[in-house]
Amino acid sequence: MDAAMVTAIASLVAGPMAALGVMYGSRGANRAARETSAVTGYDSLTQRLAAERDKAEADQAKAEARAQTLELEIARLRLLVQQLGGTP
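Each value, and the rule that gives it
- Residues numbered from 1 in each chain as written.
- Predicted model: local features only at pLDDT ≥ 70, side-chain atom pairs only at ≥ 80, totals over all residues.
- Heavy atoms only, no water.
- Helix = DSSP H or I, 4+ residues; strand = E, 2+ residues; numbered from the N terminus.
- Areas by Shrake-Rupley, 256 points an atom, 1.4 Å probe, with all protein chains shown as cover.
- Salt bridge = Lys/Arg side-chain N within 4 Å of Asp/Glu carboxyl O.
- Buried < 20%, exposed > 50% of the residue type's maximum accessible area, 1.4 Å probe, protein only.
- Patch = residues over 30% accessible without salt bridge, like charges linked within 9 Å, V, L, I, M, F, W, Y side chains within 5 Å.

A. Spotlight on the overall build of the protein. A tally of regular secondary structure across the protein gives one helix and zero strands. Summed over all atoms, the accessible surface of the protein reaches about 7,700 Å², with 64% contributed by carbon and sulfur.

Spelled out as structure tokens, the structure:
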């Protein structure tokens, strides 16, 4: 076997090996990109849910304050009705 034959065989073997290396490397890169995308999506969803929760808590606090105000108004009007001689 001369040097030309060894070089030819080596190049025939090196081509598919390089292709396999590229395929394996791109598989890893694709997996990393998917994982990054999943983490980014999860973070985005978490931030949106936290914002919704904060808004819901603020709305609930406003509703509770409004209910207390209305209860005080009802009590005031009942007292006024009683002072005027009526029955609430």
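Structure's up, so let's keep going.
B. Expanded view of the pattern of salt bridges. Overall, the coordinates contain three salt bridges when judged by the stated rule. For the salt bridge of R53 with D54, the shortest nitrogen-to-oxygen distance reads 3.1 Å. Of the charged contacts in the structure, one is a salt bridge between R76 and E73, with a shortest N-O distance of 2.7 Å. Here R76 pairs with E73, and both are found in helix 1 (residues 3-83), just three residues apart, close to one helical turn. The partly exposed category is assigned to R76, whose relative accessible area is 45%.

C. Representation of a nonpolar patch on the surface in the model. Taken together, the side chains of L77, L80 and L84 present a nonpolar region at the surface, about 290 Å² in accessible area. With respect to the secondary-structure elements, L84 resides in the segment after helix 1. L84 gets classed as exposed once you look at its relative accessible area, which sits at 70%.

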